[in-house]
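Spelled out from the first residue to the last, the chains are:
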Amino acid sequence: MAKDYKRDDGRKFDELREMKAKVGVVDNADGSAMFSFGDTVAIAAVYGPKKMHPQHQQNPEKGTLRCNYNMVSFSVEDRIRPGPSRRSTEISKVTEWALEPVLMIKDYPNMVIDVHISIIQASASTRCAGINAAALALAHAGIPMKNLVSSLSVGKIDKQLVVDVNKFEDSVFDEGEGATDIPFTFTGDGKITHLQLDGKISKDQFMEAMNLAKEGAKKVYEVQKKALKESLN
Amino acid sequence: MKTTKITGERIKQYLEEGKRFDGRKLDEFRDITIETGVSNQAEGSVRVKLGKTEVIVGIKMNVGTPYPDSPNKGNMMVTAELLPLSSKRFEYGPPRFPAIELGRLTDRFIRESNFIDFEKLCIKEGEKVWTVFIDVYSINHDGNLLDAAGIGAVAALMIAKMPEYDEKEEKVLFGKFTKTNIPLKKGLIIPTTIYMVGKNIIVDPTLEEEDVSGGRVTIGATESGVINSMQKGGLDTLSPEEMENILDLSEKVRKQVSSALGKVK
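Model, not experiment: these values are computed from the prediction.

A. Structural detail: the sheet that holds strand β4 (residues 64-71) of chain A. All names here are of chain A. On the basis of which strands lie adjacent, the open sheet formed by 5 strands has the order β1-β2-β3-β5-β4 and mixed pairing. Edge strands, defined here as strands with exactly one partner in the open sheet, are β1 (19-23) and β4. Direction aside, the axes of adjacent strands within the sheet are offset by 15° on average. Where β1 meets strand β2 (residues 31-37), 5 bridges bridge the pair, whose relative direction is antiparallel. Across the sheet, Val-23 pairs through a bridge with Ala-33, a residue of β2. Of the strands in this sheet, β4 and β5 (111-121) touch helix α1 (residues 86-99), which is tilted by about 135° from β4. Most of the contacts of helix α2 (residues 126-140) go to β2, to which it runs at about 150°, and overall it touches β1, β2, β3 (40-51), β4 and β5.

B. Spotlight on the interface of chain A and chain B. Counting residues at the interface gives 25 residues for chain A, matched by 25 residues for chain B. Every element with two or more residues in the side of chain A that touches chain B is listed here: α1, β9 (192-201) and α4 (203-232) of chain A. Among the elements that line the side of chain A that touches chain B, the one with the most residues is β9 of chain A, at 10 residues. Across the side of chain A that touches chain B, the residue classes break down as 9 nonpolar, 7 polar and 9 charged.

C. Looking closely at the nonpolar core. In this structure, Leu-99, Ala-133, Ala-134, Ala-137 and Leu-138 of chain A are the most contacted members of the largest nonpolar core, which totals 137 residues. Sorting elements by how many residues they give to this core places helix α3 (residues 145-159) of chain B first, with 11 residues. Beyond its immediate sequence surroundings of up to four residues, Leu-99 of chain A is in contact with Leu-65, Cys-67, Ile-131, Ala-134, Ala-135, Leu-138 and Val-149 of chain A.

D. Looking closely at the sheet that holds strand β6 (residues 149-157) of chain A. The antiparallel open sheet is built from 8 strands, whose spatial order is β7(A)-β6(A)-β8(A)-β9(A)-β12(B)-β11(B)-β9(B)-β10(B). Since the sheet does not close on itself, it has two edges, and those belong to β7 (160-163) of chain A together with β10 (200-203) of chain B, each with one partner. On average, each strand axis in the sheet is inclined to that of its neighbour by 20°, with strand direction left out of account. Across 9 bridges, the pairing between β6 of chain A and strand β8 (residues 179-187) of chain A is antiparallel. Its bridge partner lying in β8 of chain A, Val-154 of chain A is registered against Ile-182 of chain A. Strands in contact with α2 of chain A are β6 and β8 of chain A; relative to β6 of chain A, the strand with the most contacts, it is inclined by about 165°. Across the sheet, α4 of chain A lies against β6, β7, β8 and β9 of chain A together with β12 (227-234) of chain B, angled at about 140° from β6 of chain A, the strand it touches most.

E. Structural detail: the confidence of the model for chain A. Of all residues in chain A, 99% attain a pLDDT of 70 or more, and the chain-wide mean is 95. Considering each helix and strand of chain A separately, the mean pLDDT is smallest for helix α3 (residues 167-172) of chain A, with a value of 90, and largest for α2 of chain A, with 98.

F. Inspection of α2 of chain A at higher detail. Residues and elements named next belong to chain A. The terminal C-alpha atoms of α2, which comprises 15 residues, lie 21 Å apart, in line with the 21 Å expected from a rise of 1.5 Å per residue. With 15 of 15 residues buried, α2 lies mostly within the body of the structure. Backbone geometry just after α2 places Gly-142 at a positive phi near 75°.

G. The arrangement of the environment of Ala-141 of chain A in detail. All names here are of chain A. With respect to the helices and strands, the residue Ala-141 is situated in the loop between α2 and β6. Assessed through the 20 C-beta atoms surrounding it within 10 Å, Ala-141 is described here as buried. For the pair Ala-141 and Gly-31, spaced 110 residues apart in the sequence, the C-alpha separation amounts to 3.8 Å. Residue contacts for Ala-141: discarding those within four places in its chain leaves Asp-30, Gly-31 and Val-46.

H. Structural context of the confidence of the model for chain B. Looking at chain B as a whole, its pLDDT mean stands at 95, while 100% of the residues score no less than 70. Two numbers describe this predicted complex: its pTM, 0.88, and its ipTM, 0.80.

I. A look at the environment of Glu-77 of chain A. Residue and element names in this part refer to chain A. Residue placement: Glu-77 occurs in the loop between β4 and α1. Overall, Glu-77 belongs to the exposed group, with 10 C-beta atoms counted inside 10 Å. Separated by 156 residues in the primary sequence, Glu-77 and Asn-233 have C-alpha atoms spaced 38 Å apart.

J. Summary view of the pairing of β5 of chain A. All names here are of chain A. When β3 meets β5, the two strands line up antiparallel, connected through 9 bridges. Paired with Val-46 across the bridge in β5 is Val-115. Alignment of β4 against β5, held across 8 bridges, turns out to be parallel. When the bridges of β5 are listed, Arg-66 appears paired with Asp-114. Considered for its hand, the β-α-β crossover made up of β4, α1 and β5 is left-handed.

K. Up close: unusual backbone geometry. Following Gly-48 of chain A, the chain continues to Pro-49 of chain A via a peptide bond in cis, the omega torsion being 5°. With respect to the secondary-structure elements, Pro-49 of chain A resides in strand β3. Each neighbour pair has its own omega, and for His-53 of chain A with Pro-54 of chain A the value is -5°, a cis peptide bond. Relative to the elements of secondary structure, Pro-54 of chain A occurs in the loop between β3 and β4. Not every positive phi belongs to a glycine, and Asn-110 of chain A is a case in point at roughly 65°. Inspection of the secondary structure puts Asn-110 of chain A in the loop between α1 and β5. Even without being a glycine, Asn-114 of chain B presents a positive backbone phi close to 55°.

How each quantity is defined
- Residues numbered from 1 in each chain as written.
- Chains lettered and ligands numbered in written order.
- Predicted model: local features only at pLDDT ≥ 70, side-chain atom pairs only at ≥ 80, totals over all residues.
- Pairing = 2+ DSSP bridges.
- Helix = DSSP H or I, 4+ residues; strand = E, 2+ residues; numbered from the N terminus.
- Axes fitted to C-alpha atoms, helices over the stretch in contact; angles between N-to-C directions.
- Contact = placed C-beta atoms within 7 Å.
- Nonpolar A, V, L, I, M, F, W, Y, C, P; charged D, E, K, R; others polar.
- Core = buried A, V, L, I, M, F, W, Y, C linked by C-beta atoms within 7 Å.
- Buried ≥ 20, exposed ≤ 12 C-beta atoms within 10 Å, placed from the backbone.
- pLDDT = per-residue confidence, 0-100.
- Expected span 1.5 Å × (residues − 1).
- Right-handed = clockwise from strand over helix to strand, strands pointing away.

Here it is in structure tokens:
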């Protein structure tokens, strides 16, 4: 039963793990940031805008956002082979889709903005942490943006909706209806730029999950804003 | 060549009036045809057409070792190739993002629904299990390869026959098919992708319509409406209300796909 489920880390259902955000973590980069949800730690660095090479990839109508999501080999229990995989290729693209809607990318024809994301410690919701770090890094790089984006996952653990799934809920839990993982990304004004879902859920409960995510994203947004302000001191 | 701006504007203008170039309604699929038996070497194979869009999907099986975290379950692998023969937009070379995404979305659509009864694909726990390979190839690209691939995967699984396995020799006797189908759970699963074009949402776009689309949501669900997989693609943003409309449209059009799948034998 839903009421019986207790989160293994003692959190309330709508409680996110402790978030940390810091801007300016890679000196060489034009913008950079770290974002963490509990034990999940992502760093992101922005290089650009710069001329796109090779030239035939230049787009005269708008700039190109190029994201690269990468998990370091020792970020997980079983070492993962370094280098791109099908999974990381997909997450990279989804990250571009999540971020580009808030960028004033039309101001940079023929240019490219590179965003490199590395997950250095993984404990579920890595793509969300990566997107949050990347949004901060883009802002830190001074790239004109309409807003920030804030990302988090909502889970359905058996029948219970929870916010910010952790590793146990994401990959160990397997009772009742199992675990459903729904990563969302919202703009600061509540529009969805990214959404994925794996598992088993009814439409009604999905609508509930979406509302939870929207509320949770506001908390992420506050942490991001605070980090940006601190970087100015 | 990509659809021109002027055609794109006209498509959007038509949709505002509830019309499409080919006379379909916004929530109407093209004719869905599913033929079986593309290759007699495959455990199961189908050809799916959505109007002029065409894909072939084949199933091959083999015996391998299970993953350590699921010692009593069979495995599945889905790959998709966008063949250069199917469109001048596709080139030879290692798979790029669209092919990778097509494979991964089809994979999650099947896997997350538990359509295949993986536990029944275990031969000896911890040692030997069946792996199901589902391979998708585009034959003619005229939009909505995502749904074509999903429909093809389900249809191919429905008709595939297990090859014979010689326990003594530990060898799969390919070409000697048993009468046993791949163990599937009851009920159909249905892929539907909803495309956003301007302010309208449509299903089963032609290539021209897909070019003009600013975003899409791919939804895998059961006949009874349980959602198992979902992914938003593209740059258009969505309000929660718009997202609800997308789910409603998906629910509404699922019948069109399931009635085509229901005829597969």
